[in-house]
Structure formats: C-alpha cells, structure tokens
There are 4 protein chains.
Amino acid sequence: MAVEFAQDKQGHHFFLCARHAAELEQTGKELQGRFPRTAIHTKTCDVSDKSSIQEFATWINSLTDNIDILINNAGIYLPGSAYGEADGNLEKLMEVNTYSAYHLTRLLLPGMMAVNPSTGSPKKPGQARGHIFNICSIASLNAYPNGGAYRISKYAMYGFSKNLREEMKPHGIKVTHVLPGAVYTNSWSGSDIDPKRIMEAADVAKMVYTAAHLSPQACVEEIIMRPQLGDL
Amino acid sequence: MAVEFAQDKQGHHFFLCARHAAELEQTGKELQGRFPRTAIHTKTCDVSDKSSIQEFATWINSLTDNIDILINNAGIYLPGSAYGEADGNLEKLMEVNTYSAYHLTRLLLPGMMAVNPSTGSPKKPGQARGHIFNICSIASLNAYPNGGAYRISKYAMYGFSKNLREEMKPHGIKVTHVLPGAVYTNSWSGSDIDPKRIMEAADVAKMVYTAAHLSPQACVEEIIMRPQLGDL
Amino acid sequence: MAVEFAQDKQGHHFFLCARHAAELEQTGKELQGRFPRTAIHTKTCDVSDKSSIQEFATWINSLTDNIDILINNAGIYLPGSAYGEADGNLEKLMEVNTYSAYHLTRLLLPGMMAVNPSTGSPKKPGQARGHIFNICSIASLNAYPNGGAYRISKYAMYGFSKNLREEMKPHGIKVTHVLPGAVYTNSWSGSDIDPKRIMEAADVAKMVYTAAHLSPQACVEEIIMRPQLGDL
Amino acid sequence: MAVEFAQDKQGHHFFLCARHAAELEQTGKELQGRFPRTAIHTKTCDVSDKSSIQEFATWINSLTDNIDILINNAGIYLPGSAYGEADGNLEKLMEVNTYSAYHLTRLLLPGMMAVNPSTGSPKKPGQARGHIFNICSIASLNAYPNGGAYRISKYAMYGFSKNLREEMKPHGIKVTHVLPGAVYTNSWSGSDIDPKRIMEAADVAKMVYTAAHLSPQACVEEIIMRPQLGDL
C-alpha cells in the first residue's frame, strides 16, 4: 500500500507499525531507499495489545497533527468453525482484526477532526480533512461452512466501518470499506498456489490510491474485489 | 418468547437464565403458574462472564441431552459513537451481545449434534434435531450516525449466526437470524413512547414459534421485522 | 397459501386467478368443499397480459372495497444465461414475474388506501388496513452462473417490494417480501427429486399466515427461507 | 468517462452512441480535438428501441472484433411512486435503464468471448479478454418512499450485472457493478444545487479507469460511491 502512495512526486510521511522489529526495520529501509522524497517512520506495535496501540498513537500524534490517510490493515487468520475451533479464537481474532482498528482510529480521530493545520483555524463542516480506509474482507459479506470466529471478526470490522462512515459524514472525513478476496502476500509464498489465481497486493493499493485522490465531495464507500476466477 | 411456546398442549422444559435472582424467580413462578404442564428451570447467569456461561451450560447439560430449541436473546444497549463513546464500551457490548451467544452455543451444540435421544443412535445427516434462534437486530443491517460499539456487536452477532447456519446445514440443526426493530420491553416502561409506535414482544415470539414448527426440511434463515411506521 | 387462511373460524372471501379455466375451477371447488365457511371467487387471468390484469382487478373491485391481504405469487421460470438464452426471455419473465405484481397492486391499492370500510370514514395514518405479500425468491439475493433473465426479474420484484414498503409506511399498509428457496409444487411432481430435499408449500404459507396476524404496529419486512440442506 | 481513457498514451478506439445526432457529433469532435491519438466513432442510437441497439451493435462488430471495455451507462430518471406514477413508467424505465444494457451486452459478448484477436486462436479459460462496467446506482441498494419504477429498473440492472459476473467468470471477462450516488451532469446545470454537494463525473471515471487497469487476475466486482455529505 505504501509503495503506491510513495510514488507521488510530493513527499509523504509514512507511519508504519508491525509486530516484529527486524522485519519492520527492513521494510522501512527498503521504502526509504526506493523513495527518497518520502519520510518513513516506523515503530513496533502489537495490535492485539491495547496499551501498545495507545503508545503507537501517542507517538504518531507527537510527530504530526495532520493525518491525511489512515489505513487499518492489520489482520490474522485462524481456521475453524463455531462448533469446532479452539477456545479463545474469537477473543484473539476480535482483538487483532477489529479492536485494533477501533482503538487506533479513536486515538487518531480527535486530531483529524479538530483543526485545519494549514490555517490554524477549526476545520469547517463539509471540509475534507482525512480519509480512513478499513480493510475488511469478502468474509464480511458471505458465510461459509468453515466461517468460524474469523468471519465474526470480519463482520464486526465491516459494521465498525459502515457506522464510522455515517458518524464522520458531517466532519468531512471520508471512510471507505475495502473488501478484498484472496491477495498474494508473504503468507502464501510457501504454498503451491498459482499466483495467477489470486490478486496482487498492488491491485488493492491502486484502488485505494485512486479513491484517496478524488474530488473533496466524493466518497468511495465500498470496494469489493475478488480473483477473476472467484474465491478459492 | 417462553409464553408463546408454553401454550403448547404438550409440556416443554424451559431453561431460563437472568442476571438477577429475584427477577428470574418471579418470572419462573409466573410462567409455572400460568402453564402447569410445563417445567420451568431457572438459574442466575451473568452472560458477560464466560465462567458463568460455562456453569449455566453444564447445569443444562446435566438436566437434558435433548435440546430442541436454543434462543440466544441476551443483549444490552449502550449509546455512543465510535469517536465519542466511553472506553470499554466495545469490549462490554461484545461480551454481552455476541460472546455470550457464541460460548453458550458452543457448549450446548455437542449434545444437540451427537445422538438422537429418542433412538439412542447417532443422528443421521439431514435429520432435524434442533433449532437455534439468534436474536440479532436491525442494527445488524443498517449503519447510523450514532451507531457506535452497539452496532459493531450486532454486526458481529449476525456474522456469527450466518456462519453458524452454513456450519450446521449438514448436521440437521436449523439456524434462524431474527432481526427486529424496536420491541416494547420493560426498558421502555418508564418512557413516554406510544406503545402503538413499537412492536410487541409477542410479535417476535409468534414468528419464532411458527418458524420452529415447519416441516423438517424447511429452514427459515432470516426474519426482518420493524414497527409499521419504521424505525424510531 | 389459501388453505392456510381458509382454516380460520371466521369465513374469508378469496379471489383467485389462474391462466387455465379448468384447473382454476377444480382448485376453487376443492377449497370450497373443504372450507364451507369461506367464499371462493375465481376468474381466469393471463398475468402476462396487462389488459387481462386490468379485468381481474376491475372484477375484484366490483365485489369488495375491503381487501385485507394481497399475495403476489405469480411466476414462471425459464432457464438460461445472459449470453446464451433465447431472445425474448427477459421481456417474458419481467411481464409474468414483475409487471404483473406491479400492475395488479397499483389497481387494487386505491381501494386499500382510501377509506375504512368498517366506519365509512377515511382511514387514518398509522391505522392498519391491508397487507401485501410479494413472493420473491432467493434468486432476488444471490447471483449464479446460470442466473439469466429469471434472476433479473426476481431482483426487480424485490426492488418493487422494498420500495413499496417505504411508500406504504405512512398509509398503514404492511408490505412483506418473502424470499423462498425451492418449494415442492406441481412442477416438481414428475421429477425424481426427494421431496424431503425441498420445502413444502405449507411452510411458506404458515410463515405468511403468522406474519399477517401480528399486532397492527408490527410489520414483517422480509422472510428468507431455504431447504435445510441448502439450495439445490 | 471517455475523457479518462482518452488520456492514455496509446490510442484507443471509442464507439459512442447517443440519441441526438447534433449533441453526439459535437461531443465526438471535441474529444477528437483534445485527444488526437484516439479514434472517435459515433452513431446515433435510441437505446429504448431494440432494433436501434441491434444496428448499433452490428456497426461496432463490423469495425472491430476486439472490444476491451464496454461501459453500459444509458439511463433516464422519471419521478414517481408505485401507487402514484403514470402508467407506462415502469415499461419505459426498464427499456432504457436495463433492457438496453442487456441487449447490447448480448450482442457484443460473442465477439468478446470468441477468439483472441492478437493470436487468432480461441481464447483460453482464465485469459483476460474484456471488461464490462455496468453503471447501476445507489438506487439499486436502498429503498425510498418515492422509489417508484426508477428503483425497480435499477434493482433489475444490478441483478443483471451480478449474474453476468458469475456467468463470465470462466470466460475471462471481468464484470464490475458501479453504484454511484448523485453525480454532476448536464441535467443538473439549470438547478441551484451547490456543485460541491454532489460528485463530479470524473470521480466515477477515475475509479472505472483504475479498475480497468489492474492485473489480469483481479476483478473489482463492486464500487459504491456517494457525495461525502450523503444522498440528497
């Protein structure tokens, strides 16, 4: 996602988090090297831990008072079904897939809603001042025999995003629900899946990037995208 | 809900729980008095507490191995919006409105799925053996400016129910999502709302009762009902 | 459907139509014989023909000014896909499955909306005075590789019913969308389908009957029902 | 829409139709002037007339056997409600808003499905060979008190698009449903609406353009977009 935005001629500031320091540092360096105009800021964060999210948000708020775009993209998958999965699956998945986005958004919203940084005066109703992308899933829409707690967390995430959209309407903050099917990520790299059978991460990023660059009065509410051949 | 079923000529066993002992005992006595053919069993349970749900389920499983109908109806409402509500709202609402149904269902399902109590032999695929009603809400479908954590929990509950339906298909257990709008309950009694403006609890109960008495091969998946004049 | 309502102790008037005179007469006689309290009125009508619907509506309006319940249930199925089906499929299916309900409803609504027949005075807003059931289909919700024009007509029917519900809210007329999966009807009788695999017509009728007998202030908006084992 | 695609460095061929010859010629000349690399082909067509659509399709098929992108965008609006609108509204709106897309798509699909023009050999399953955008509306999703026949036609259009997506999956043809709210077009130019209150046509065009330029294996199925301040 960052790659798509980093190609802009104007430099952006990126605030990235991940659980593992080494991996995060590596990603940060790589992005910084490829896109010297951008400023890459990284901080480890365990999004399943509310206090860790609090630290991450405090750190961002100390560095900027002008967040243009927030992309809630954290998520894990645990297989199972409501009757057969391990005890604790639901609580764990809700924490990582839904609570994390809810808490981080709540901590960053006051800054996004409060004042117009370029003028110093309070932002006016109807004035565009930020865009939140919530990466949900096609699991937010469809039920399956092996739905389990994973799908409950994705329905909840979608409910969060849909209500946030209504809540932010008069505050000039755009909210978009992105519901992708299977996307090729590192977690697929060991498998024998045909990469042509699933989408590229860049496909999602391109749609997000375009949705973030429309006229101030247009809000893309929902994007549903799947592999051309359908779900796996 | 119990009243509707208690009117059957054949006696049923009811297993009711509530948080407050006095209120629960009162309800139990009243039902037993009106419907002498039924057997009313009551037990206090704090559905926001996983161990309390475990005790309730163990108690039921000790009294019967043949649950016909499970109605997940626990729920509380807390007002708010994602950006303005009290910290902890989401966790509390998820526990009471969603986790409670998820955990109780998981604890009772093995008995419902396992054997046919009337024959002692394992139930066969396609053989009807139980019906689970999940009382969701129109808040599971629509987003509003004051949606807040309440609506997140109701989306999650609906996701739970929809996936459970798919999971239970081959096991002969029916699953129905009930999505009612405003229903007149005790919590409205102090207000000045016109009772003709909202539904009666009996309206929902009648639809549930009929859905529970169709042919074995028919499953009502979803019932959406609202006040005739629409949402408040 | 008529059988369910005909069992009421109070006699009802039924106005039935079908394309073929002999079949319709046979059904009328059978109902009249089983339910002597009811009054069965029949008239042939080709619902694909607008003028035939006009005649049917005029005939009803000449016999009563107090329609309690209107059930739009006409429908045919033609197989196909958007790229492969016969030319004319869409026009034909729209006429029978959607236009028929639209036109008949429009012709009967003025009487339902106008006056309270029991008092002779205009009905008041909020006063229940009729209930329209539109029999849609699960084909109104889901898309399939062989969807074709049939599914287009069912989406249109559902759109008609959903908008009619909003339009009739202040007029005290209830509107219910019924979306059943496979139901055992005569058209299945020659096939080798296991009747336990699909629903009975009485399953749908029972849900409709109950929905028609709730408190005046409750409106069942939607009922989705499928074979327990899912779609065929 | 054409403007967005016409900016590509590689020249495209455009086949445009409209009802009025003068307006169409004017638009064609303007585009040709601004984008000399493109080839603009125009032909008048009354999309409410099946034979006119047939002529338009025959003309296109005579000029190319390699359609990359088909955008079904014809539509008119007539106000009304199911009980109050003029007789004939439904038939007229269905013809212009839904039948036109259905018939044109059916006439162009054989060419899109048949052979790979760059190799002369039949296209293989899974091979991308075209993209159909169906411009539906938020009226395809929501019901309103003044829904009327317009919304029925938009539900039908959405049903067409959703089923077409399933039908085209194995044929490598992408299908996208675009559901925009209010967009500023000529029909608004006389009104006193604040142009900042509704979206620009370019907003929709940008999303369509990006969706048309993803990896072959990614299909954007649905895009919902509204004015930031919500529906009018």
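Computed from a prediction, not measured in an experiment: that's the story for all the values here.

Draft legend 1. The environment of D:I53, seen in detail. Residues and elements named next belong to chain D. Topologically, I53 is positioned in helix 3 (residues 50-63). For I53, a relative accessible area of 3% puts it in the buried group. Each C-alpha atom of the pair I53 and A86 lies 26 Å from the other, and the pair is 33 residues apart in sequence. For I53, the residues in contact, after removing those within four places along its chain, are C45, D46, V47, S100, H103, L104 and L107.

Draft legend 2. Structural view of the arrangement of the chains. One finds no contact linking chain A with chain C; the least C-alpha distance across the pair is 11 Å. What separates chain B from chain D at the closest point of their C-alpha atoms is a distance of 11 Å, and the two make no contact.

Draft legend 3. Fine view of the relation of the copies chain D and chain A. Superposing chain D onto chain A requires a rotation of 180° together with a translation of 0.0 Å along the rotation axis, leaving an RMSD of 0.0 Å. The two molecules are tied by a two-fold rotation axis, judged by turn and shift. For chain D, the minimum C-alpha distance to the rotation axis belongs to D:I223 and amounts to 2.4 Å. The fraction of interface residues of chain D whose copies in chain A are also interface residues reaches 100%, indicating that both copies meet through the same surface.

Draft legend 4. Just the side chain of B:R226, in detail. Residue position: B:R226 is located in strand 8 (residues 218-227). According to the relative accessible area criterion, B:R226 is buried, its value standing at 9%. Ignoring anything within four residues of it in the chain, the contact list for B:R226 reads B:I138, B:N142, B:G181, B:M199, B:D231, C:R165, C:Q217, C:A218, C:C219 and C:E221.

Draft legend 5. Structural view of the nonpolar core. A:L109, A:F160, A:L164, B:L109, B:I132, B:F160 and B:L164 are the most contacted members of the largest nonpolar core, which totals 79 residues. Every element with two or more residues in this core is listed here: helix 3 (50-63), helix 4 (89-114), helix 5 (148-168) and strand 5 (174-180) of chain A together with helix 3 (50-63), helix 4 (89-114), helix 5 (148-168) and strand 5 (174-180) of chain B. Membership of the second largest hydrophobic core comes to 78 residues, among which are C:A139, C:L164, D:Y155 and D:Y158.

Draft legend 6. Region of the structure containing the packing of helix 3 of chain D against helix 4 (residues 89-114) of chain D. Residues and elements named next belong to chain D. Following both chains from N to C, one finds helix 3 and helix 4 inclined at 30°, their axes separated by 9 Å at the closest point. Here helix 3 is positioned roughly parallel relative to helix 4, judged by the angle of their axes. In the packing of helix 3 onto helix 4, the handedness of the crossing is right-handed. The segment helix 3 lies against helix 4, with K50, I53, Q54, F56, A57, I60 and N61 engaging S100, H103, L104, L107 and L108.

Draft legend 7. The arrangement of the pattern of salt bridges in detail. Enumeration over the complete set of coordinates arrives at 28 salt bridges over all chains. One salt bridge in this structure joins A:E25 and A:K29, with 3.7 Å as the shortest N-O distance. Taken together, the positions of A:E25 and A:K29, both in helix 2 (residues 21-34) and 4 residues apart, correspond to about one turn of that helix. Accessibility expressed as a relative area gives 45% for A:E25, which makes it partly exposed. According to the relative accessible area criterion, A:K29 is exposed, its value standing at 60%. The shortest N-O distance in the salt bridge between B:E221 and B:R165 comes to 2.8 Å. Pair noted here: B:E221 is in strand 8 and B:R165 is in helix 5, with a separation of 56 residues, a long-range link. Its relative accessible area of 7% is what places B:E221 among the buried residues. Several salt bridges converge on common partners, so that one network encompasses A:R165, A:E221, D:R226 and D:D231.

Draft legend 8. Here's a closer look at the interface of chain D and chain A. In this assembly, 36 residues from chain D lie in contact with 36 residues from chain A. The contact between chain D and chain A buries some 2900 Å² in all, and 52% of this surface belongs to carbon and sulfur atoms. Considering only the side of chain D, the residues that lose the most area to chain A are D:M207, D:Q217 and D:Q228, jointly responsible for 28% of the buried surface there. Remark: the boundary between chain D and chain A carries 2 salt bridges. Connecting chain D to chain A are 24 residue pairs in polar contact (both at pLDDT 80 or more). Element by element, the count of residues in the side of chain D that touches chain A is highest for strand 8 (residues 218-227) of chain D, at 10 residues. Strand direction decides the pairing type here: strand 8 (residues 218-227) of chain A and strand 8 of chain D, joined by 9 bridges, are antiparallel. When the bridges of strand 8 of chain D are listed, A:P227 appears paired with D:A218.

Draft legend 9. Local environment of the sheet that holds strand 4 (residues 131-135) of chain C. The strand order across the open sheet built from 8 strands is 3(B)-4(B)-5(B)-8(B)-8(C)-5(C)-4(C)-3(C), with neighbouring strands paired in mixed fashion. Only two strands of the sheet have a single neighbouring strand rather than two, namely strand 3 (69-72) of chain B together with strand 3 (69-72) of chain C. Within the sheet, the average angular offset between the axes of one strand and its neighbour, ignoring direction, is 15°. Contacting strand 3, strand 4 (131-135), strand 5 and strand 8 of chain B together with strand 8 (218-227) of chain C, helix 6 (residues 201-211) of chain B crosses the sheet at an angle of about 170° to strand 8 of chain B. Sitting on the sheet, helix 6 (residues 201-211) of chain C touches strand 8 of chain B together with strand 3, strand 4, strand 5 (174-180) and strand 8 of chain C, and the angle it makes with strand 8 of chain C is about 170°.

Draft legend 10. Molecular detail of the sheet that holds strand 4 (residues 131-135) of chain A. Pairing is mixed across the open sheet formed by 8 strands, whose spatial order is 3(A)-4(A)-5(A)-8(A)-8(D)-5(D)-4(D)-3(D). Strands at the two margins of the open sheet, each flanked by one partner only, are strand 3 (69-72) of chain A together with strand 3 (69-72) of chain D. Strand-to-strand twist of the sheet, defined as the mean angle between neighbouring strand axes without regard to direction, takes the value 15°. Where strand 3 of chain D meets strand 4 (residues 131-135) of chain D, 4 bridges bridge the pair, whose relative direction is parallel. Its bridge partner being in strand 4 of chain D, D:N72 is matched across the sheet by D:N134. This element, helix 6 (residues 201-211) of chain A, spans strand 3, strand 4, strand 5 and strand 8 of chain A together with strand 8 of chain D of the sheet and lies at about 170° to strand 8 of chain A. Where helix 4 of chain D meets the sheet, its contacts fall on strand 3 and strand 4 of chain D, and the angle it forms with strand 3 of chain D comes to roughly 175°.

Draft legend 11. Highlighting the interface of chain C and chain D. Counting from both sides, the interface comprises 41 residues of chain C and, opposite them, 41 residues of chain D. In this assembly, chain C packs against chain D so that about 3300 Å² is buried in total across both faces, 58% of it on carbon and sulfur atoms. Joining chain C to chain D, the criterion identifies 4 salt bridges. Note that C:K50 is salt-bridged to D:D87, the shortest N-O span being 3.3 Å. At the boundary of chain C and chain D, one finds 22 residue pairs in polar contact (both at pLDDT 80 or more). Where the side of chain C that touches chain D is concerned, the elements lending two or more residues are helix 4 (89-114) and helix 5 (148-168) of chain C. Of the residues contributing to the side of chain C that touches chain D, the split by class is 20 nonpolar, 12 polar and 9 charged.

Draft legend 12. Broad picture of the confidence of the model for chain A. Overall, the prediction assigns chain A a mean pLDDT of 91, with 94% of residues at 70 or greater. Two numbers describe this predicted complex: its pTM, 0.94, and its ipTM, 0.94.

Draft legend 13. How the structure looks around the relation of the copies chain C and chain D. Overlay of chain C on chain D (RMSD 0.0 Å): rotation 180°, translation along the axis 0.0 Å. The residues that chain C uses at the interface reappear at the interface of chain D in 98% of cases, marking a shared surface.

Draft legend 14. Summary view of helix 5 of chain A. For helix 5 of chain A, with 21 residues, the first-to-last C-alpha span of 31 Å sits near the 30 Å given by 1.5 Å per residue. Counted residue by residue, helix 5 of chain A has 20 buried out of 21 residues, so it is predominantly covered.

Draft legend 15. Quick look at the environment of B:E222. Along the chain, the position of B:E222 falls in strand 8. Since its relative accessible area comes to 6%, B:E222 is described here as buried. Sequence separation between B:E222 and B:V175 is 47 residues; the distance between their C-alpha atoms is 8.9 Å. Non-local contacts of B:E222, meaning those with residues more than four positions away in its chain, are made with B:Y158, B:H177, B:L179, C:E222, C:I223 and C:I224. Within the local environment of B:E222, its side chain forms a polar contact with the side chain of B:Y158, the two groups lying 2.7 Å apart.

Scoring rules and cut-offs
- Residues numbered from 1 in each chain as written.
- Chains lettered and ligands numbered in written order.
- Predicted model: local features only at pLDDT ≥ 70, side-chain atom pairs only at ≥ 80, totals over all residues.
- Heavy atoms only, no water.
- Helix = DSSP H or I, 4+ residues; strand = E, 2+ residues; numbered from the N terminus.
- Buried < 20%, exposed > 50% of the residue type's maximum accessible area, 1.4 Å probe, protein only.
- Contact = heavy atoms within 4.5 Å.
- Least-squares fit on C-alpha atoms with pLDDT ≥ 70 in both.
- Core = buried A, V, L, I, M, F, W, Y, C linked by side-chain atoms within 4.5 Å.
- Axes fitted to C-alpha atoms, helices over the stretch in contact; angles between N-to-C directions.
- Parallel < 35°, antiparallel > 145°, perpendicular 65-115°, else oblique.
- Left-handed = near helix turned anticlockwise from the far one by under 90°.
- Salt bridge = Lys/Arg side-chain N within 4 Å of Asp/Glu carboxyl O.
- Buried area = accessible area lost by both parts, 1.4 Å probe.
- Polar contact = N/O pair within 3.5 Å; in protein donor to acceptor, adjacent residues only side chain to side chain.
- Pairing = 2+ DSSP bridges.
- Nonpolar A, V, L, I, M, F, W, Y, C, P; charged D, E, K, R; others polar.
- pLDDT = per-residue confidence, 0-100.
- Expected span 1.5 Å × (residues − 1).

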